[in-house]
Amino acid sequence: MDNSKKTQDHHIVQDATDTLSLSDVNGSIEAPKDGSFWRKLLAFSGPGALVAVGYMDPGNWVTSVGGGAQYHYVMLSIVLISSLVAMMLQYMAGKLGIVRQEDLAQATRDRTNKPGGIALWIMTELALMATDIAEVIGGAIALHLLFGWSMIASVLTTAFDVVLLLLLMKFGFRKIEAIVMTLIITILVIFGYLVILSNPNLVDLFGGYLPQLQAVSTHGPKGVDSPLLMSLGIIGATVMPHNLYLHSSISQTRKVDRKDKGAVKEAVRFMTWDSNIQLSLAFVINSFLLILGASLFFGQADSVGTFGDMYNALGNTSIAGAIASPVLSTLFAVALLASGQNSTITGTLTGEIIMEGFLHMRIPMWLRRVVTRGLALIPVIGFTLYYGGQEGELDKLLLNSQVFLSIALPFAMAPLIMFTSSKKIMGEFVNPKWMIILGWLTFIVLTGLNIKLIVDMVTGWIG
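Residues numbered from 1 in each chain as written. Predicted model: local features only at pLDDT ≥ 70, side-chain atom pairs only at ≥ 80, totals over all residues. Heavy atoms only, no water.

Caption draft 1: Molecular detail of the overall build of the protein. In terms of helices and strands, the protein carries 21 helices and 4 strands. Considering the protein as a whole, with its 463 residues, one finds that 56% of them fall into the buried category. For the protein, long-range pairs separated by at least 24 residues make up 82% of all intrachain contacts whose partners lie at least 6 apart in sequence. (Helix = DSSP H or I, 4+ residues; strand = E, 2+ residues; numbered from the N terminus. Buried < 20%, exposed > 50% of the residue type's maximum accessible area, 1.4 Å probe, protein only. Contact = heavy atoms within 4.5 Å.)

This is how it looks when you write it as structure tokens:
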């Protein structure tokens, strides 16, 4: 190692212009060149799980359960559409990383001027902060429910998850993927069990997957959120901007012979399998959340407006019926805590990716985590102190953070669709025409709904 390199390693802030995305783990996992389909799929499985946790974080809980409690099964169509859009976008992101060997942040920064790159970095950091707010609130409420700690003590405790993350990183990337997958299965089993006990009406349930105009109406029953606000909250909580940056980076963790087009094509193929399988699990979990809200709490939305209300309702026979028990309440809180910790891991990795990609700057992971979590803690602590630890106010902050994610999503979607639809950039791996059309149509519809929501909100404030 030369002296300049030694000197650089002593600096907290380092230059990252010539490094691969997440260089410490880039190409670190061997992928078999021969073997059965299942052996290869197992080798490529893992990045999809890290992406999928963002689709089942605490933000999804409040929007999905609330959507079911307020509008029965109507919002299932939004969950389905969001999941299908997510599969398409994550395919594009993973493909960009494998084919170009650069993540979305690097690709965007290299193809925009400096002011544009910085503006997009700020928007992405705000989206990451909104994501972390949901994780702080979800984790804090879970600790409060499980151990009876005060809300402010629970919020402050979430600041120490950086220690947990640093310990996990020492195990290696493959171990992190396994831990995340275990937590996903835990959440899936818990909510599958709760849904079976809730005995939903199957005809109404499957009918809810058919799109309905009511899902994007700006008018709702008095005292509850409008369907459009709830739909955009579900979209923002499901198709999260930071996941596009994350997947474009961690899809590069498998060692692929870049000179062999067949090997690259195979890597894209198995990345797609991995991503779609894991996102299908996320879709099932989000459906379970909404079904639980619809089957147990429809007509009683005012009784389950917060995580604490949901926790108490699962133990209250007058609300949840004969299935109510303290065990169900505890399982709910455990799954909530697992969800928040899962998302913490991926949020920190994404923070490193966007800082290196947009600013060509690298800082230690512990410092990156402290900055991200510190910025998220400020509004949460402020709300907690101002409202005296009222969970209802924290849940409102959480819902609004998910709506912001929906507003931020087009800023990540546009460059992703643009890059992967360019034959000059992607060569033979360019998006097919039907995907290009569908991608831009999705972008236009989502942007239009966001503009409508903002106009309605501003009009409401003025009026």
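Moving on from the coordinates now.
Caption draft 2: Representation of unusual backbone geometry within the structure. Backbone geometry places Gln-101, a non-glycine residue, at a positive phi of 55°. You can see Gln-101 is positioned in the loop between helix H5 (76-100) and helix H6 (104-110). Under the relative-accessibility criterion, Gln-101 is labelled partly exposed at 27%. With a phi close to 50°, Asn-199 is a non-glycine residue in the positive phi region.

Caption draft 3: Spotlight on helix H10 (residues 173-198). Over its 26 residues, H10 extends 38 Å from the first C-alpha to the last, a length consistent with the 38 Å expected when each residue adds 1.5 Å. Regarding H10, the residues found buried are Phe-173, Ile-176, Glu-177, Val-180, Ile-184, Ile-187, Ile-190, Phe-191, Gly-192, Leu-194, Val-195 and Ser-198. Note on H10: the residue one or two positions beyond its end, Asn-199, has a positive phi of about 50°. (Expected span 1.5 Å × (residues − 1).)

Caption draft 4: Broad picture of the packing of aromatic side chains. Counted according to the given criterion, the structure contains 9 aromatic pairs. Of the aromatic side chains, those joined through ring pairs into one cluster are Phe-37, Trp-38, Phe-44, Phe-270 and Trp-273. Between Arg-111 and the ring centre of Phe-419, over which it is positioned, the NZ or CZ distance is 5.4 Å. The cationic tip of Arg-269 hangs over the ring face of Phe-270; the distance from NZ or CZ to the ring centre is 5.0 Å. (Phe/Tyr/Trp six-rings, centres within 6.5 Å; stacked < 30°, edge-to-face > 60°. Lys NZ or Arg CZ within 6 Å of the ring centre and 35° of its normal.)

Caption draft 5: Spotlight on the side chain of His-247. Residue placement: His-247 occurs in helix H13 (residues 241-250). By relative accessible area, His-247 is classed as buried at 0%. His-247 has contacts with Val-51, Gln-90, Ala-93, Gly-94, Met-271 and Ser-275, leaving out every residue within four places of it along the chain.

Caption draft 6: Expanded view of H13. The element H13 is extensively covered by neighbouring structure, given that 10 of its 10 residues are classed as buried. Restricting attention to buried positions, one finds in H13 the residues Pro-241, His-242, Asn-243, Leu-244, Tyr-245, Leu-246, His-247, Ser-248, Ser-249 and Ile-250.

Caption draft 7: Seen up close, the nonpolar core. Trp-61, Leu-89, Phe-191 and Phe-307 are the most contacted members of the largest nonpolar core, which has 125 residues in total. The element that contributes the greatest number of residues to this core is helix H14 (residues 261-297), accounting for 17 residues. Sequence-distant contacts of Trp-61, that is, excluding residues within four places in its chain, are made with Met-56, Gly-66, Ile-187, Phe-191, Leu-289, Phe-307, Phe-332, Ala-335, Leu-336 and Ser-339. With 6 residues, the next largest nonpolar core counts Met-123, Ala-127, Ala-130 and Ala-408 among its residues. (Core = buried A, V, L, I, M, F, W, Y, C linked by side-chain atoms within 4.5 Å.)

Caption draft 8: Layout of the pattern of salt bridges. Taken as a whole and assessed by the stated rule, the structure comprises 5 salt bridges. Between Lys-255 and Glu-30 there is a salt bridge; the shortest N-O distance is 3.4 Å. With a gap of 225 residues between them, Lys-255 in strand E3 (residues 254-255) and Glu-30 in strand E2 (residues 29-30) connect regions that are remote in the sequence. Judged by relative accessible area, which is 48%, Lys-255 ranks as partly exposed. Of the charged contacts in the structure, one is a salt bridge between Glu-102 and Arg-100, with a shortest N-O distance of 3.5 Å. For Arg-100, a relative accessible area of 34% puts it in the partly exposed group. The structure contains a network of salt bridges with shared partners spanning Arg-100, Glu-102 and Arg-111. (Salt bridge = Lys/Arg side-chain N within 4 Å of Asp/Glu carboxyl O.)

Caption draft 9: Broad picture of the packing of H10 against H14. Taken N-terminus to C-terminus, the directions of H10 and H14 make an angle of 30°; their axes are 9 Å apart at the nearest point. Considering only the axes of H10 and H14, their crossing is left-handed. On the side of H10, the interface is formed by Met-181, Ile-184, Ile-187, Leu-188, Phe-191, Gly-192, Leu-194, Val-195 and Ser-198, while H14 contributes Gln-278, Leu-281, Val-284, Ile-285, Phe-288, Leu-289, Ile-291, Leu-292, Ser-295 and Leu-296. Taken together, the residues of the contact of H10 with H14 sort by class into 15 nonpolar, 4 polar and no charged. (Axes fitted to C-alpha atoms, helices over the stretch in contact; angles between N-to-C directions. Left-handed = near helix turned anticlockwise from the far one by under 90°. Nonpolar A, V, L, I, M, F, W, Y, C, P; charged D, E, K, R; others polar.)

Caption draft 10: View of the packing of H5 against H14. Relative to each other, H5 and H14 sit at 155°, their axes nearing to 9 Å. Taken together, the axes of H5 and H14 are roughly antiparallel relative to one another. Considering how the two elements wind past one another, H5 and H14 form a crossing that is right-handed. Classifying every residue of the contact of H5 with H14 gives 16 nonpolar, 9 polar and 1 charged. (Parallel < 35°, antiparallel > 145°, perpendicular 65-115°, else oblique.)

What is shown is where atoms sit, not what they do.
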